[in-house]
Amino acid sequence: MLEVSELHVSYGGTVRALQGISLDVPDRKVVAVLGSNGAGKSTLLRTVSATLRLHRGAVVSGTITYDGKSLAGLDAARTVRLGIVQVPEGRRIFGRLTVEENLRAGGLGAADKRSRSGSKDRVFDLFPILAERRKQRAALLSGGEQQMLAIGRALMASPKLIILDEPSLGLAPKIVGQIGRILQTINADGTSVLLVEQNAVMALGIADTAYVLDVGRVSLSGSAQELAASDDVKHLYLGHAATTSTGARTDVARDESLRPKATLSRWQG
Amino acid sequence: MTRFIDLVLNGISLGSVYALIALGFVIVFKATEVVNFAQGSMLVLGGYVTTRAHDHMPFVPALLVGIAATAITALIIERVLIRNARGADVNALAILTIGIDILLITELTRRFGSDVLTIGDPWGNKLVHLGNLSLPQARLAAITVAVVLLTGFFAAFKYSSWGVAMRAGAEDNEAAALMGIRRGRVTATAWMVAGLLAAVAVVFLTAFPSPGLDTGAREIALRAFPAAILGGLDSTGGAVVGGLAIGLAEAMTAGYSVTFLGGSLADVIPYLVMLVILLVRPSGIFGTRELSRV
Ligand SMILES: Nc1ncnc2c1ncn2[C@@H]1O[C@H](COP(=O)(O)OP(=O)(O)O)[C@@H](O)[C@H]1O
Ligand SMILES: [Mg+2]
């Protein structure tokens, strides 16, 4: 349903963040995009969601199509109304708004306004904690709860394709597991998932296919199983991350102790 | 004591008018991060159009015409100038609004000449007698109208889709865009609401016992600017508190004829109060952003 072809993107006309990326998100599948910091993952998602301009970035060449139609020239609001909704990196919930108001904000871009109350019931089903905290200011939620709110907020627009930018960032392993299972449920309900992650264990555990980005290019792609078994991925992302991060990243998510040590089999049940 | 109560009522009345104008500053700032220095001349424009329309129709329809003209002017400023320059530095945009202000006020001054217009409000110079007190009706009307408008605004801000979109966008513009919220519509509405508030405020700013409407109303309106800043330029509640504080301070110092540096303290009190508050709280009483960002 989403096809990215030979995409080149630059920031401020100089920084070439993407240098010819092609990838495919088939209908009702989960696609993972792996890559270390600065690989261009967020840039890819910004391009799909039409928020590049807010970062002074621009598409140099290449195409993105959704159900065969080009997304070029559409603004963020149009993209959401087509059914593509992003959960941004760092959660970006509205901290001063209540949980319920955050969900309401998520529903403002829904193509079908009547579906909102149904969406809210579904979000509260998926995340009972959000129903409990509905009147609280979102800033008071824990990190894991905020991520759930960010996902719930995106679901309020009834996406056909949900794209997530590093949802496991900074979360405890147990919560990461929970997020992974919820993404599987969302996918099972008929929503395609494009999942950008540095946490390859979680991502490959739930994905059908996966791509590895390396400084603006796709360096590897294939089925999630193939990639999980490949030496490169094992070396780079499954347990050896600390040795290859070369200090590019300093936040806690890269901290070995916070990364899930679970094996892939945990995700394939 | 009567005198004191009289001054307090005057202060609240003046303060609620300042609150309306200050709210206009705040919502435009929240929506676009731009300080709209054209608010003062937009207010004079509203008064001018209402007055001229009143030559042909009763006061209330004339006021509606004045409101519509001001809101549409605000919308044009937003669409043509602010929107097309989106991505430009907010300081540059603020300076742009100074340019608009000068343009508007120059044209209005030409039209006014040396006239002082009466806006034709229904209260005229009638008084209300409460025990020993006698208060201009217009002053009580100002308080009533302000309470109604402010209540309506805060209800919309809290419960309407526009309010949710506005607050979400003010907090995180990019995340709001990712939710499909159209910023353009939110900001256009914010500018129009600011225009509406200005057009209503001018009625009370120039009603009895004020002498009437001339372009000097712009300077008086600009006293709502320190009100907005001391409340916190991004705080709607702060606009109301700031407006009342300035109104009361001004009424008291004028009423007791306090002098300062050889002049009337009432003329400078808005700025003094603002300075004192900013020394203690750089982002205003309820604000979250420091003025250095402006
Ligand atoms: N707003 C920006 N302006 C300039 N360069 C940027 C901007 N955002 C990202 N970049 C650069 O683009 C490249 C890809 O960044 P990004 O897409 O954020 O990577 P990732 O999400 O994989 O960490 C990096 O080299 C980064 O420095
Ligand atoms: Mg990123």
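Residues numbered from 1 in each chain as written. Chains lettered and ligands numbered in written order. Predicted model: local features only at pLDDT ≥ 70, side-chain atom pairs only at ≥ 80, totals over all residues. Heavy atoms only, no water.

Next up on the list: the overall build of chain A. A tally of regular secondary structure across chain A gives 11 helices and 10 strands. Buried residues in chain A amount to 54% of all 269 residues. The contacts in chain A between residues at least 6 apart in sequence include a share of 70% that link residues at least 24 apart. Accessible surface, chain A: about 11,300 Å² in total, of which carbon and sulfur atoms supply 50%. (Helix = DSSP H or I, 4+ residues; strand = E, 2+ residues; numbered from the N terminus. Buried < 20%, exposed > 50% of the residue type's maximum accessible area, 1.4 Å probe, protein only. Contact = heavy atoms within 4.5 Å. Areas by Shrake-Rupley, 256 points an atom, 1.4 Å probe, with all protein chains shown as cover.)

For the rest of this paragraph, the subject is the overall build of chain B. Helices and strands together make up the secondary structure of chain B, namely 12 helices and four strands. Relative to its length of 294 residues, chain B is compact, with a C-alpha radius of gyration of 19 Å against a globular reference of 19 Å. Taking the principal axes of the C-alpha coordinates as reference, chain B spans close to 60 × 50 × 40 Å. By the burial criterion, 53% of the 294 residues in chain B qualify as buried. Counted over contacts in chain B with a minimum sequence separation of 6, partners at least 24 positions apart contribute 77%. Carbon together with sulfur atoms contributes 67% to the accessible area of chain B, which is approximately 12,100 Å² in total. Between the mean site of the 20 positive side-chain charges and the mean site of the 18 negative ones, chain B shows a separation of 6 Å. (Rg over C-alpha atoms; globule rule 2.2 N^0.38 Å. Lys, Arg positive; Asp, Glu negative; His and termini not counted. Charge placed at Lys NZ, Arg CZ, Asp CG, Glu CD.)

Moving on: the domain arrangement of chain A. Think of interface size as the accessible area that goes away when the parts come together; that is how it is often given. Residues and elements named next belong to chain A. When the domains of chain A are assigned, the result is domain 1 (2-83 + 159-266) and domain 2 (88-158). Tallying the contact residues gives 21 residues for domain 1 and 19 residues for domain 2. Considering only the surface of domain 1 that becomes buried against domain 2, Arg81, Pro159 and Ile182 emerge as the three largest contributors, covering 31% of it. There are one salt bridge connecting domain 1 and domain 2. A salt bridge links Asp189 to Arg122, with the shortest nitrogen-to-oxygen separation between them at 3.5 Å. The interface formed by domain 1 and domain 2 includes one residue pair in polar contact (both at pLDDT 80 or more). When residues of the side of domain 1 that touches domain 2 are traced back to their parent elements, those giving at least two are helix H2 (76-82), strand E7 (161-165) and helix H7 (173-188). At seven residues, H7 tops the list of elements feeding residues into the side of domain 1 that touches domain 2. (Domains from an automatic or database assignment. Buried area = accessible area lost by both parts, 1.4 Å probe. Salt bridge = Lys/Arg side-chain N within 4 Å of Asp/Glu carboxyl O. Polar contact = N/O pair within 3.5 Å; in protein donor to acceptor, adjacent residues only side chain to side chain.)

Moving on to the confidence of the model for chain A. Summarising the model, chain A shows a mean pLDDT of 87, and 88% of its residues fall at 70 or more. Per-residue pLDDT stays below 50 along residues 240-269 of chain A; that stretch engages in 52 contacts with residues further than four places along the chain or on separate chains. (pLDDT = per-residue confidence, 0-100.)

With that settled, consider a nonpolar patch on the surface. A surface patch of nonpolar side chains, amounting to about 490 Å² of accessible area, comprises Met1, Phe4, Ile5, Tyr256 and Val258 of chain B. Tracing the sequence through the fold places Tyr256 of chain B in the loop between helix H11 (236-255) and strand E3 (259-260). (Patch = residues over 30% accessible without salt bridge, like charges linked within 9 Å, V, L, I, M, F, W, Y side chains within 5 Å.)

In this assembly, 29 residues from chain A lie in contact with 24 residues from chain B. Overall, the association of chain A and chain B removes approximately 2,200 Å² of surface from exposure, summing both partners, and the carbon and sulfur fraction of that is 53%. For the side of chain A that touches chain B, the secondary-structure elements that each account for two or more residues are helix H1 (41-49), H2, strand E6 (84-87) and helix H3 (99-107) of chain A. Looking at which element gives the most residues to the side of chain A that touches chain B, the answer is H2 of chain A, with five residues. Considered class by class, the residues forming the side of chain A that touches chain B number 11 nonpolar, seven polar and 11 charged. (Nonpolar A, V, L, I, M, F, W, Y, C, P; charged D, E, K, R; others polar.)

This next bit is on the coordination of the magnesium ion (ligand 2). Here the magnesium ion (ligand 2) is held by Ser42 of chain A (OG) and Glu89 of chain A (OE), and the distances to it run 2.0 to 2.2 Å. Separated by 47 residues along the polypeptide, Ser42 of chain A in helix H1 and Glu89 of chain A in the loop between E6 and H3 bring together distant segments of the chain. (Donors = N, O, S within 2.8 Å, 3.2 Å for Na, K, Ca; no water.)

Looking now at the site of ligand 1. All names here are of chain A. Close to ligand 1 lie Tyr11, Ala17, Ser36, Asn37, Gly38, Ala39, Gly40, Lys41, Ser42, Thr43, Arg46 and His55. In this structure, Ala39 approaches ligand 1 through a main-chain N or O atom, which is 3.2 Å from an oxygen atom. Contact distances for ligand 1 include 3.4 Å between a nitrogen atom and a side-chain N or O atom of Arg46. Protein contacts shield 68% of the accessible area of ligand 1, which totals 560 Å² for the unbound molecule. Each residue belonging to the shell around ligand 1 can be placed in one class, and the counts come to three nonpolar, seven polar and two charged. (Near = heavy atom within 4 Å.)

What follows concerns the pairing of strand E9 (residues 209-214) of chain A. Residue and element names in this part refer to chain A. Sheet topology note: the strand E3 (residues 30-34)/E9 ladder contains four bridges and is parallel. When the sheet's bridge partners are listed, Ala32 is paired in E9 with Ala210. Here six bridges tie E9 to strand E10 (residues 217-223), and the two strands are oriented antiparallel to one another. Bridge pairing in E10 links Leu213 to Val218. Between E9 and E10, which follow one another and run antiparallel, lie two residues, and Val215 among them has a positive phi close to 30 degrees. (Pairing = 2+ DSSP bridges.)

What follows is about the nonpolar core. Within the largest apolar cluster, 80 residues are counted, with the highest numbers of intra-cluster contacts made by Phe94 of chain A together with Ile21, Leu43, Met166, Ile181, Val203 and Phe204 of chain B. The residues contacting Val203 of chain B, other than those within four sequence positions of it, are Phe59, Leu63, Ile119, Asp121 and Trp123 of chain B. Listed in part, the 46 residues of the second largest apolar core include Phe127, Leu141, Ala150 and Ile182 of chain A. (Core = buried A, V, L, I, M, F, W, Y, C linked by side-chain atoms within 4.5 Å.)

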